[in-house]
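Structure assessment
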Number of protein chains: 10
Amino acid sequence: MSTFLPPTLLGQTVAQPQSPEEARLERVPNPHPGTLYLTRFTAPEFTSLCPVTGQPDFAHLVIDYVADGWLVESKALKLYLTSFRNHGAFHEDCTVRIGKDIVALLEPRWLRIGGYWYPRGGIPIDVFWQTGTPPEGLWLPDQGVPPYRGRG
Amino acid sequence: MSTFLPPTLLGQTVAQPQSPEEARLERVPNPHPGTLYLTRFTAPEFTSLCPVTGQPDFAHLVIDYVADGWLVESKALKLYLTSFRNHGAFHEDCTVRIGKDIVALLEPRWLRIGGYWYPRGGIPIDVFWQTGTPPEGLWLPDQGVPPYRGRG
Amino acid sequence: MSTFLPPTLLGQTVAQPQSPEEARLERVPNPHPGTLYLTRFTAPEFTSLCPVTGQPDFAHLVIDYVADGWLVESKALKLYLTSFRNHGAFHEDCTVRIGKDIVALLEPRWLRIGGYWYPRGGIPIDVFWQTGTPPEGLWLPDQGVPPYRGRG
Amino acid sequence: MSTFLPPTLLGQTVAQPQSPEEARLERVPNPHPGTLYLTRFTAPEFTSLCPVTGQPDFAHLVIDYVADGWLVESKALKLYLTSFRNHGAFHEDCTVRIGKDIVALLEPRWLRIGGYWYPRGGIPIDVFWQTGTPPEGLWLPDQGVPPYRGRG
Amino acid sequence: MSTFLPPTLLGQTVAQPQSPEEARLERVPNPHPGTLYLTRFTAPEFTSLCPVTGQPDFAHLVIDYVADGWLVESKALKLYLTSFRNHGAFHEDCTVRIGKDIVALLEPRWLRIGGYWYPRGGIPIDVFWQTGTPPEGLWLPDQGVPPYRGRG
Amino acid sequence: MSTFLPPTLLGQTVAQPQSPEEARLERVPNPHPGTLYLTRFTAPEFTSLCPVTGQPDFAHLVIDYVADGWLVESKALKLYLTSFRNHGAFHEDCTVRIGKDIVALLEPRWLRIGGYWYPRGGIPIDVFWQTGTPPEGLWLPDQGVPPYRGRG
Amino acid sequence: MSTFLPPTLLGQTVAQPQSPEEARLERVPNPHPGTLYLTRFTAPEFTSLCPVTGQPDFAHLVIDYVADGWLVESKALKLYLTSFRNHGAFHEDCTVRIGKDIVALLEPRWLRIGGYWYPRGGIPIDVFWQTGTPPEGLWLPDQGVPPYRGRG
Amino acid sequence: MSTFLPPTLLGQTVAQPQSPEEARLERVPNPHPGTLYLTRFTAPEFTSLCPVTGQPDFAHLVIDYVADGWLVESKALKLYLTSFRNHGAFHEDCTVRIGKDIVALLEPRWLRIGGYWYPRGGIPIDVFWQTGTPPEGLWLPDQGVPPYRGRG
Amino acid sequence: MSTFLPPTLLGQTVAQPQSPEEARLERVPNPHPGTLYLTRFTAPEFTSLCPVTGQPDFAHLVIDYVADGWLVESKALKLYLTSFRNHGAFHEDCTVRIGKDIVALLEPRWLRIGGYWYPRGGIPIDVFWQTGTPPEGLWLPDQGVPPYRGRG
Amino acid sequence: MSTFLPPTLLGQTVAQPQSPEEARLERVPNPHPGTLYLTRFTAPEFTSLCPVTGQPDFAHLVIDYVADGWLVESKALKLYLTSFRNHGAFHEDCTVRIGKDIVALLEPRWLRIGGYWYPRGGIPIDVFWQTGTPPEGLWLPDQGVPPYRGRG
Ligand SMILES: [Ca+2]
Ligand SMILES: [Ca+2]
Ligand SMILES: [Ca+2]
Ligand SMILES: [Ca+2]
Ligand SMILES: [Ca+2]
Ligand SMILES: [Ca+2]
Ligand SMILES: [Ca+2]
Ligand SMILES: [Ca+2]
Ligand SMILES: [Ca+2]
Ligand SMILES: [Ca+2]
Ligand SMILES: [Ca+2]
Ligand SMILES: [Ca+2]
Ligand SMILES: [Ca+2]
Ligand SMILES: [Ca+2]
Ligand SMILES: [Ca+2]
Ligand SMILES: [Ca+2]
């Protein structure tokens, strides 16, 4: 993944990157740089591949972060997430890596990512990572994704 | 499965039958034989085995029937359902077979069974069978089991 | 059960009847006798006894009826339902009997009762009875009681 | 209740009528007089008085109708419903009467009203009335008000 | 898509087909060929490509059918659905085509498919197709997928 | 509204039309012209103006139709719906008019529209219109929008 | 409001007080005076008047308190809440005042009140007040009233 | 209530005790005595009598505790709870007393009880008691019982 | 935005301001100035414009604040929120700015705003800002807006 | 249970172990060993036997842990959980034991397990255990399993 580039995607047609390495996350200046606020992205349309079987995996991702100098540019974020479509990764690894890629781009005051994966073998895996204790004074609601329930 | 026996299970300790063949479904007289009413059993604790892999399968079963001369005895029904624990059967076959076994026992005016199976390969199977068009004048509510939703 | 008596309960303190036989269902004139409308009572506080073990059973009852000349008096209905507290009856029998007792009292154009019993042995029983096909032109919403789901 | 008056309420401050008799339901021309469509009003803020005890009763009302030449004017409808605040009426009577008042005003092609009353003595009453079988070709969704569940 | 082949996938590792044309739907004999019952598959992990922009689309698919001589083999069905991952198709076309492919394979007594697509431009599209009026006497529950609600 | 034009919007930037009269609904050929299937659009982001007060109104719209020769082009549909943003119309009128505009464009086999409006004066209005009895053999699920509940 | 009176209402018929000033809140001894426990009253049937327009307002109230020497008598509480029926008050003021009236009566160890008002102008107001930080060691569950959602 | 007796109920038929005084709560050794874990019992089938009117009351009870040397025996617990069936007690008193009875039996490290009572006079009462601040390091999920909502 | 003006809007007809700059937020004295309580406004009918494309955006806003000397006047608040209808702003910026405008008006003890935006590109953004750590002793329930779930 | 073995199960067909003693939990290296993140497994398909009656018990299990050097291998975990199928254990014991077995294998930084058992005698038991206070800075969402509600 190449990051730290000028925001060239806004209002443009861009080819879909074929891997996270090829994707370009971009950033724009935070309009409220001295203000402690949270931004949440909910991405229910995420898919990658199982690195063992090559079969598709699906996840519902929710990303929370506190901007410092930069916001993530949302169109580039979408292309970045889409670039995992043909990428093989285990659930734990993939979720944490996405969090770390955004951290590398934004150097945010704080970030967390929740990955809610679809069941395999009847047992779904959820992965929860944050960069550390949330900043004092931050308002941080639960992500509230319903638990997996099986049937009935 | 042996059926048509006197109700010997009521208030007794009975050994758990090890297969549906061994189980004894029992029947008791219908206390309202001339009345068109529906009885519903909901069995969310059903498990059998996959006939190909030997791995356990789970289902939530809902059985609706209209008694004629007989009611199914509920303790025997539970033992009968439990007897599938080590029994291998495909979802479609297992669901319909349970319905037919109870029909053979009770000769009811009408019966239906819904089998709501837990997902395999991310895709759950539901099976719905009834003995025919419901009797005219019967009150027959939806079973209302929520659809499978994956995650999110 | 004694019925067909003048409505003596309204605004009075009445001793709780100790059995359905002792209870007095009462009726009052229908204020809209020529109008085809439905009245629904929802009674989530019903309890009786298991006739085999003597242990308490619980049910959520919903009664729908179309009045002809009479409405059921609601305070007497409550006392009548409460009178099953020390009464032993099977689920199917008890549900249908309550329906028939109210039919005997009111001679309604139509009636149905749904009994949603709490699980025994992990398997709840629901009982659904109506006096026949609903009258043409009646508006009859589903009772909409959620299905039993076990856990998860 | 006086009806059939010119729509004088639109954009005006009007004193709150103190009884349904005093209230003025009003009507406006149907902008699609040859079209078979349904209008639904949901009024969760309804209260009247118990005619026996004088204590307040509360209901959630849902009114569906198919206009012929007239629509009910919505501000007058609100004032009319509010006028039951000090009016004593039994649940069955009150619900059906509101339906009939609107029918008298609008002479609609069809109307129904559902009254979902708050529990008294632990047992809520629902009342469902319609003017007859719905017109052929009408789209008429369920009102979908959740059933009363008690606790748990 | 090539169909009508012997069920060679059961218990085997198979390469993921790269397009629906390449995929092999398979069929197995219906174990209850004279019985009118419904089988439902719920596939919440479906993705294809927008034929205009090349961007991924996501859908939640629910397929109901009544077998005649054949059942669809579930592992092959999964591979077939996965083969749309790099396939471009409009929502309406894609949904109906999947239904028709399975019809061509199974020659079922009846089939329907519901495609519940994720929103684009804030407006999701759902597509509902069935092969005709359901067979008389079939039990056919609603699919019950919740409607799209936006936020709040 | 001008309709019946070639689909010029696909993949283009188009100025937002300022009124429904200015908007151009467009149509594309139905890829399954001989097949009886339903398409559903859910538009939870609709707003117009109250013709009396000029204050904004909001609605959640759901449109179901059965294509004959044409599908509605979805980007043009979105622009058309957005064009009501500064348009004054009563709830009943606005909902039915949108349905009729699409009928004029598509000459579909059948169409219905549900308008679920946000409350005014504590009482929301819903409007339901369809072009007539649905075609025989069509699968037509409920729209399932939850009823308005007030608070609690 | 007059308080601090002997509990004269238990098992008696009492005239409905016409204003909060006229109402008599009453108290009874706490049966577990040395025990730190919470009592919650949920009153979904509350109505008062808008002090500007005179139109009715509705609220769902939830009151939590920790008794010291006294419990509030529940029948008197109901009459007190009902006495706001013809009382004009703003939402914020009315909610906090009710809390303070009960505090004046009971001198509890701690109290809070949540007022969940029905929408006006499309925007509901909720008011949350407590007498201070809850006592150490108290178990204090969320009130869990669902947020207002508008439509859809 | 007599406690501290050897566990004589396991696998036996026992007469139903007629009052809490007559009931025998029993205890069994904690299989993980050095481990800080929580056990939760949910009893939605609880009923007692109003000490003033003699009418039945109903509650949904949830009991959480941290065992020290003993677990409560679950069959005896059920009989104990059932013994309140003919016992008169106010909601606050009854809930706290049950908690204290179990504390006297088990001398647990910590316990709490939530009583969610069915509405009387339209206003349900909930009672929440715990023995003190939960032990450090305990995992203690919310009980999550939905709030009472009235209707709508 | 001009603020700090006398409350001139109460009971008056006011022209809708065309931008936030033109709108006049107003304030009224806090009737409980020494009391630490929370006021919550829920505004599900918010819309603004995308500053890049000019297309409408929609949000569900929830504002919580603790008054010091002033309350926000609710009719002016509504007009202020409505004034964003033709205003272009990014989600993060718009949400935080609304919070800051109200802070400038009220100088409250504390305030927070949650902006729950409708999805764009399948990925909704939520924004959460508060002025700092909530005051000690404040009761501050979760806003409880359900998470975005996509479909299924 | 034998643990600490090389991960031999990946991509292999393995015989189902017949008891927890026979099962082989396996571990794989943590790909983010210096990162504090949580992994959650949800297993709604768990069944064991009652040690007193031999009847099947069912549970919904949710396991949360923070890896140190190792992750649990998910296919082996599934086989391990399945191995309780013919194993007799009390609810409290079984739940805690599973937690301790995984702790012995992984030596994680922290772990917790929730066991949500199906009702017996109408009263379900939930068991909650964790290894101690969660690590500072960990993000640990609620498990959110809905409480048992009985019926209604
Ligand atoms: Ca929480
Ligand atoms: Ca699976
Ligand atoms: Ca239905
Ligand atoms: Ca989903
Ligand atoms: Ca049970
Ligand atoms: Ca389940
Ligand atoms: Ca329906
Ligand atoms: Ca909405
Ligand atoms: Ca309103
Ligand atoms: Ca409103
Ligand atoms: Ca909480
Ligand atoms: Ca009540
Ligand atoms: Ca309500
Ligand atoms: Ca979108
Ligand atoms: Ca049970
Ligand atoms: Ca209940």
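None of these values were measured; they are calculated from a predicted model.

Further remarks concern the relation of the copies chain I and chain A. Placing chain I over chain A gives an RMSD of 0.0 Å and needs a rotation angle of 72 degrees, together with 0.0 Å of translation along the axis. Both copies are brought into coincidence by an operation consistent with a five-fold rotation axis. In this assembly, only 4% of the residues forming the interface of chain I have copies in chain A that are likewise at the interface, indicating a heterologous arrangement.

A few words on the relation of the copies chain D and chain C. For the pair chain D and chain C, the relating rotation is 72 degrees, the translation along its axis is 0.0 Å, and the fit reaches an RMSD of 0.0 Å. Comparing contact sets, just 4% of the residues at the interface of chain D also lie at the interface in chain C, consistent with a heterologous contact between different surfaces.

In this section: the coordination of the calcium ion (ligand 5). Taken together, Gly122 of chain C (N) and Pro119 of chain J (O) make up the full set of protein donors to the calcium ion (ligand 5), lying 2.7 to 2.8 Å away. The metal-metal distance between the calcium ion (ligand 5) and the calcium ion (ligand 15) is 2.1 Å. Of this pair, Gly122 of chain C sits in the loop between strand E6 (110–117) and strand E7 (125–130) while Pro119 of chain J sits in the loop between strand E6 (110–117) and strand E7 (125–130), on two different chains. The class for Gly122 of chain C is buried, based on a relative accessible area of 4%.

Taken together, the contacts link 27 residues of chain I with 26 residues of chain A. Carbon and sulfur atoms make up 63% of the surface buried where chain I meets chain A, a total of about 2,200 Å² over both sides. Interface area lost by chain I to chain A is led by Glu92, Ile123 and Phe128 of chain I, which between them contribute 29%. Counting across the chain I and chain A interface gives 0 salt bridges. Across the chain I-chain A interface, the total number found is 9 residue pairs in polar contact (both at pLDDT 80 or more). Listed by contribution, the elements that provide at least two residues to the side of chain I that touches chain A are helix H2 (91–106), strand E6 (110–117) and strand E7 (125–130) of chain I. When residues in the side of chain I that touches chain A are grouped by element, the largest group, 6 residues, is from E7 of chain I. In terms of residue class, the side of chain I that touches chain A is made up of 12 nonpolar, 8 polar and 7 charged. The pairing of strand E2 (residues 37–49) of chain A with E7 of chain I spans 5 bridges and is antiparallel. The partner of Thr39 of chain A across the bridge, within E7 of chain I, is Val127 of chain I.

Moving on to the packing of helix H1 (residues 74–82) of chain G against helix H2 (residues 91–106) of chain G. All names here are of chain G. As a packed pair, H1 and H2 sit with axes 12 Å apart at the nearest point and diverge in direction by 145 degrees. As for how H1 packs across H2, the hand of that crossing is right-handed. Touching Leu77, Tyr80 and Leu81 of H1 are Arg97, Ile98, Asp101 and Ile102, all from H2. Class assignment for the residues of the contact of H1 with H2 results in 5 nonpolar, no polar and 2 charged.

Further remarks concern the interface of chain D and chain C. Many structure descriptions define interface size as the accessible area lost when the parts assemble. Listed by partner, the interface residues are 27 residues for chain D and 26 residues for chain C. Together, the buried faces of chain D and chain C total about 2,200 Å²; carbon and sulfur atoms form 63% of this surface. Looking at the side of chain D facing chain C, the largest losses of area belong to Glu92, Ile123 and Phe128 of chain D, adding up to 29% of the total buried there. Counting across the chain D and chain C interface gives 0 salt bridges.

Turning next to the UniProt feature "binding site: substrate" (unreviewed entry) in chain A. Under the local residue numbering, the UniProt record ascribes the feature "binding site: substrate" (unreviewed entry) to Val72, Glu73, Ser74, His91 and Glu92 of chain A. Spatially, the listed residues are scattered: they cover 21 residues, and their C-alpha atoms lie as much as 24.9 Å apart. Along the polypeptide, His91 of chain A turns up in helix H2 (residues 91–106). Of the residues examined, His91 of chain A reaches a relative accessible area of 10% and is grouped as buried. With near-sequence residues (within four places) excluded, His91 of chain A lies in contact with Asp57, Trp117, Ile125 and Val127 of chain A. Locating Glu92 of chain A in the fold gives a position in helix H2. Here Glu92 of chain A is in contact with Ile125 and Val127 of chain A together with Tyr37, Thr39 and Leu71 of chain J, once residues within four sequence places are set aside.

Next up on the list: helix H1 (residues 74–82) of chain I. The complete set of buried residues in H1 of chain I reads Ala76, Leu77, Leu79, Tyr80, Leu81 and Thr82 of chain I. Residues of H1 of chain I that are buried make contact with strand E4 (56–66) of chain F together with strand E2 (24–29), strand E3 (37–49), strand E4 (56–66), strand E5 (70–72) and H2 of chain I. A side-chain oxygen of the first residue of H1 of chain I lies 3.2 Å from the backbone nitrogen of Lys75 of chain I; this N-cap is Glu73 of chain I.

The next subject is unusual backbone geometry. Negative phi values dominate among residues other than glycine, just as trans dominates among peptide bonds. In this structure, Glu107 of chain A takes a positive phi of about 45 degrees despite not being glycine. Tracing the chain through its elements places Glu107 of chain A in the loop between H2 and strand E5 (110–117).

The next point concerns the state of the cysteines. All names here are of chain C. Per the stated rule, a full pass over the model turns up 0 disulfides over all chains. In this model Cys50 remains outside any disulfide bridge; the closest cysteine sulfur is found in Cys94, 11 Å from its own. With a relative accessible area of 2%, Cys94 lands in the buried category.

A few words on H2 of chain G. Residue and element names in this part refer to chain G. Here H2 is 16 residues long and its end C-alpha atoms lie 23 Å apart, about the 22 Å a rise of 1.5 Å per residue gives. Within H2, 12 of the 16 residues are buried, leaving the element largely enclosed by the surrounding structure. Of all the positions in H2, only His91, Glu92, Cys94, Thr95, Val96, Arg97, Ile98, Gly99, Asp101, Ile102, Leu105 and Leu106 are classed as buried. Where H2 terminates, the next one or two residues include Glu107, which has phi positive at roughly 45 degrees.

In this section: the UniProt feature "active site" (unreviewed entry) in chain A. Residues and elements named next belong to chain A. The residues that UniProt annotates with the feature "active site" (unreviewed entry) are Cys50 and Asp57. As for its position among the elements, Cys50 is in the loop between E2 and strand E3 (56–66). Accessibility expressed as a relative area gives 18% for Cys50, which makes it buried. With sequence-adjacent residues up to four places away left out, Cys50 is seen in contact with Gln55 and Asp57. Structurally, Asp57 can be placed in strand E3. Owing to a relative accessible area of 5%, Asp57 belongs among the buried residues under this scheme.

Turning our attention to the side chain of His32 of chain H. Inspection of the secondary structure puts His32 of chain H in the loop between strand E2 (24–29) and strand E3 (37–49). In this structure the side chain of His32 of chain H is engaged in a polar contact, spanning 2.7 Å, whose partner is the side chain of Asp93 of chain J. When sequence neighbours within four positions are dropped, the list of residues in contact with His32 of chain H reads Tyr37 of chain H together with Asp93, Val96, Arg97 and Lys100 of chain J.

What follows concerns the pattern of salt bridges. The tally for this structure, following the rule as stated, stands at 80 salt bridges over all chains. Between Asp64 of chain D and Arg40 of chain D there is a salt bridge, with its nearest N and O atoms 2.7 Å apart. Here the residue Asp64 of chain D occupies a position in strand E4 (residues 56–66), and Arg40 of chain D occupies one in strand E3 (residues 37–49), the gap between them amounting to 24 residues. Residue Asp64 of chain D shares its accessibility class with Arg40 of chain D, and that shared class is buried. Here Arg112 of chain E ties to Asp64 of chain E by a salt bridge, and the two come within 2.8 Å at their closest N and O atoms.

Here we come to the nonpolar core. By size, the foremost hydrophobic cluster in this structure holds 160 residues, and its most contacted members are Ile98 of chain A, Ile98 of chain G, Ile98 of chain H, Ile98 of chain I together with Ile98 of chain J. Ignoring anything within four residues of it in the chain, the contact list for Ile98 of chain J reads Phe46, Leu61, Ile63, Tyr80, Leu81, Phe84 and Ile113 of chain J. Counting 159 residues, the second largest nonpolar core, distinct from the first, contains Leu25 and Leu71 of chain E together with Val28 and Trp117 of chain F.

Our focus in this paragraph is the environment of Gly114 of chain A. Relative to the helices and strands, Gly114 of chain A resides in strand E5. Between the C-alpha atoms of Gly114 of chain A and Trp70 of chain A, which are 44 residues apart in sequence, the distance is 21 Å. Setting aside residues up to four positions removed in sequence, Gly114 of chain A forms contacts with His60, Leu61, Val62, Thr95, Val127, Phe128 and Gln143 of chain A together with Trp139 of chain J.

Turning our attention to the packing of aromatic side chains. Scanning the model with the defined rule gives 79 aromatic pairs over all chains in all. On the numbers, 5.1 Å between centres and 80 degrees between planes, the contact of Trp139 of chain D with Phe128 of chain F is edge-to-face. Taken together, the residues span two chains, with Trp139 of chain D in the segment after strand E7 (125–130) and Phe128 of chain F in strand E7 (residues 125–130). We note that Trp139 of chain D, like Phe128 of chain F, is buried. Ring pairs connect the aromatic residues Phe46, Tyr80, Phe84 and Trp117 of chain A, which therefore count as one cluster. Over the ring of Trp70 of chain F we find Arg27 of chain F, and its NZ or CZ is 4.0 Å from the ring centre.

Quick look at the environment of Glu21 of chain G now. All names here are of chain G. Within the fold, Glu21 resides in the loop between strand E1 (2–5) and strand E2 (24–29). Overall, Glu21 belongs to the partly exposed group, its relative accessible area being 43%. For the pair formed by Glu21 and Phe58, sequence separation is 37 residues and the distance between their alpha carbons is 20 Å. Here Arg97 takes part through its side chain, which lies 3.2 Å from a polar atom of the side chain of Glu21.

Calculation criteria
- Residues numbered from 1 in each chain as written.
- Chains lettered and ligands numbered in written order.
- Predicted model: local features only at pLDDT ≥ 70, side-chain atom pairs only at ≥ 80, totals over all residues.
- Heavy atoms only, no water.
- Least-squares fit on C-alpha atoms with pLDDT ≥ 70 in both.
- Contact = heavy atoms within 4.5 Å.
- Donors = N, O, S within 2.8 Å, 3.2 Å for Na, K, Ca; no water.
- Helix = DSSP H or I, 4+ residues; strand = E, 2+ residues; numbered from the N terminus.
- Buried < 20%, exposed > 50% of the residue type's maximum accessible area, 1.4 Å probe, protein only.
- Buried area = accessible area lost by both parts, 1.4 Å probe.
- Salt bridge = Lys/Arg side-chain N within 4 Å of Asp/Glu carboxyl O.
- Polar contact = N/O pair within 3.5 Å; in protein donor to acceptor, adjacent residues only side chain to side chain.
- Nonpolar A, V, L, I, M, F, W, Y, C, P; charged D, E, K, R; others polar.
- Pairing = 2+ DSSP bridges.
- Axes fitted to C-alpha atoms, helices over the stretch in contact; angles between N-to-C directions.
- Left-handed = near helix turned anticlockwise from the far one by under 90°.
- UniProt positions renumbered as here; feature names shortened; annotations may be inferred.
- Disulfide = S-S within 2.5 Å.
- Expected span 1.5 Å × (residues − 1).
- Core = buried A, V, L, I, M, F, W, Y, C linked by side-chain atoms within 4.5 Å.
- Phe/Tyr/Trp six-rings, centres within 6.5 Å; stacked < 30°, edge-to-face > 60°.
- Lys NZ or Arg CZ within 6 Å of the ring centre and 35° of its normal.

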